[in-house]
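Residue-level listing of the chains:
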Amino acid sequence: MKSLDGKIKKEKENGFASPHVKSEPEDNFYPSPKHEKPLKRKRDDDNDAEFKPKKIKTENDKKAKKRKLDEPKKTKNKKGEVADGKKKAKKEPEEKWKWWEEERYTDGSKWRFLEHKGPVFAPPYEPLPSNVKFYYDGKHMKLSPEAEEVATFFAKMLDHEYTTKDIFRKNFFKDWKKEMTSEEKSKITDLKKCDFNEMSEYFKAQSEARKAMTKEEKLKIKEQNERTLQEYGFCIMDNHRERIANFRIEPPGLFRGRGDHPKMGMLKRRIRPQDIIVNCSKDSKHPEPPPGSRWKEVRHDNKVTWLVSWTENIQGSIKYIMLNPSSRIKGEKDWQKYETARRLKKCVDRIRNQYREDWKSKEMRIRQRAVALYFIDKLALRAGNEKEEGETADTVGCCSLRVEHIKLHPENEGQEYVVEFDFLGKDSIRYYNKVPVEKRVFKNLQLFMENKEPDDDLFDRLNTSVLNKHLQELMDGLTAKVFRTYNASFTLQQQLKELTNADENIPAKILSYNRANRAVAILCNHQRAPPKTFEKSMQNLQAKIDAKRDQLSDAKRELKSSKADAKVRRDEKSKKAVESKKKAVQRIEEQLMKLEVQATDREENKQIALGTSKLNYLDPRISVAWCKKWGIPVEKIYNKTQREKFAWAIDMADDDYEF
DNA sequence: CTTTCTACTTAGTACTTTCACC
DNA sequence: GGTGAAAGTACTAAGTAGAAAG
């Protein structure tokens, strides 16, 4: 039974960042070029933009435009753009297709026309030069190309800790042997006797050489990449040229799952044309397989969004090539997600009352369902599908929690009915939290845990499918994950309201935004490994602070002496000197404060990742509205990629948007 | 009903580029 | 103009959820 030291855990009081003021690293803000949007069309005048896919719904009375052919946009690279003249920041957006002003398909189909060039395969294996040798038991051994390739995968990871892990080594060795000739197999029987060092050194040298390339060489590569992107990185879907997210096939290598993965080290095999299923429209120009090869299959299924798929050999799951988040097909779905969350907002009170009632149910399954839902709602836990044991790392979500993952404290640090959670969630990220719960919940948990072993399911009468079926009855389209979206977005909106101070300048407001964002990230338990350079960069910052302090005391001393001087001399000049010294002191004090605040900010962000919530949980219209309301350029909040993904929100949200 | 399959979203990290500073 | 940190991007694993199969 796991008992964790109470001190290691991070503080996590359901979520809110401590309220210091801090400044963001950067503070050269351009004076808001006022994000002008000529009166956007209103999406709906009745009530909030309802987004119901699969239902016939004409976007308010407005006649939606037909999806018709407008010329595919040329996508120039940024360099080209700069070349063609003064910065015309405004020019691009105007010619962008506004898919959100068009009607959606209501028949479950995802497209009418789809044409693409197929995937880009991993480059073929290049055998090592003959001077780079592999040694077995101290003796040079020339490997067959197949065995050599797999050996290089291991050699490339030599510096990594996981090549020392037993499971990794065992899995690797087993799969490596499969690639060996029978001779090799009979010779190489012990991984410990394998010396990959020359190979490893060779790759390091290669990567150094790559870094040391001349400007011209680098540019050439860049141009080649750009050509590949233009050729394979886009497709035509319903008359629009859309960016593909991942048009390159995953190269072979050694699988590294996250956390304690039983399959780590296994060989991820090379994908060939005959493994590939292509999806496109019948009347499109079909992608050509590489000369001398053929596709596994070409199909024309417009009920799905993917262009290419293949089955991966580690878990046997299917991988897909799909479109970029900026595409219509992803954007519509994203928008819809937030509309579902907004519908939940309207009925969440009812649902909460209902599950509270259900805590008293005489049926065990209903009580379990109600307690689980309470956790999902209050703590933003994931649903917790069951997983095949031994196939993946041992992680859980709400429905799959086991008895060993919680501890009950009738009384803890002055609070009653505290539940202590400690488990590994998605990506083997630890979730640790101590939360006071209502007495009824507490009593129910005691009941659920009675006569169970630590590794028994806490909710033995519940799974995600049962839970979701129930949720579906409470609200159309409601599933467990909607609660995460809802609570995240709601928290952002509420925190922005609370933290934004009208009198503050733009950097301070952005700081507040980041704080609100951080509150959500904490709620959703979005963590990251502290950056490798963290300690160092923290030290650098501290050094800067110290230097600033010294500078400050110097300045103060000077001020003092100039004051004394002025007292004696009593002339204009020395008075002026005093004034300027005063100013200097003030300026330095300000700078010092900023640095200190920056340090706090960075410290607070050490293990918290803001990106995931920003990209996946926060209704972008809340952020856009906030920017508009306070005259903050959207660019301060969203970088270019993010602005492309959220173009719909940027276009449609007014400053008074309410989630 | 349970299990398996499929399609899609969400996730952290490694790598690459940009930017601020000397 | 060189360097190191920060920002941005690419990558792909790991989830959710619903449908199909057994």
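Residues numbered from 1 in each chain as written. Chains lettered and ligands numbered in written order. Predicted model: local features only at pLDDT ≥ 70, side-chain atom pairs only at ≥ 80, totals over all residues. Heavy atoms only, no water.

Draft legend 1. Quick look at the sheet that holds strand S3 (residues 139-141). Across the sheet, 3 strands lie side by side as S3-S2-S4; this open sheet has antiparallel pairing. Edge positions in the sheet fall to S3 and strand S4 (194-195), since each has one partner strand and no second. One ladder, built from 2 bridges, connects strand S2 (residues 134-136) with S4; its direction is antiparallel. Looking across to S4, one finds that tyrosine 135 is bridged to aspartate 195. (Pairing = 2+ DSSP bridges. Helix = DSSP H or I, 4+ residues; strand = E, 2+ residues; numbered from the N terminus.)

Draft legend 2. Here's a closer look at the protein's contact with DNA strand C. Around DNA strand C there are 31 residues in total, and Arg258, Lys319, Gly384, Lys481 and Thr641 lie nearest to it. A share of 85% is what sugar and phosphate atoms reach among the atoms of DNA strand C within 4 Å of the protein. Take lysine 268: an N or O atom from its side chain is 3.0 Å from a phosphate oxygen of DNA strand C. In this structure, a phosphate oxygen belonging to DNA strand C sits 3.2 Å away from a main-chain N or O atom of alanine 480. Every element with two or more residues in the surface near DNA strand C is listed here: helix H12 (480-499) and helix H14 (534-569). Of the residues contributing to the surface near DNA strand C, the split by class is 5 nonpolar, 13 polar and 13 charged. (Near = heavy atom within 4 Å. Polar contact = N/O pair within 3.5 Å; in protein donor to acceptor, adjacent residues only side chain to side chain. Nonpolar A, V, L, I, M, F, W, Y, C, P; charged D, E, K, R; others polar.)

Draft legend 3. Here's a closer look at the UniProt feature "active site" (unreviewed entry) in chain A. Following the UniProt record, one finds the feature "active site" (unreviewed entry) at Tyr617. Note that tyrosine 617 resides in the loop between helix H16 (611-616) and helix H17 (620-630). For tyrosine 617, a relative accessible area of 15% gives the class buried. In contact with tyrosine 617, not counting residues within four places along its chain, are Tyr338, Arg484, Thr485, Ala488, Ser489, His526 and Thr612. (UniProt positions renumbered as here; feature names shortened; annotations may be inferred. Buried < 20%, exposed > 50% of the residue type's maximum accessible area, 1.4 Å probe, protein only. Contact = heavy atoms within 4.5 Å.)

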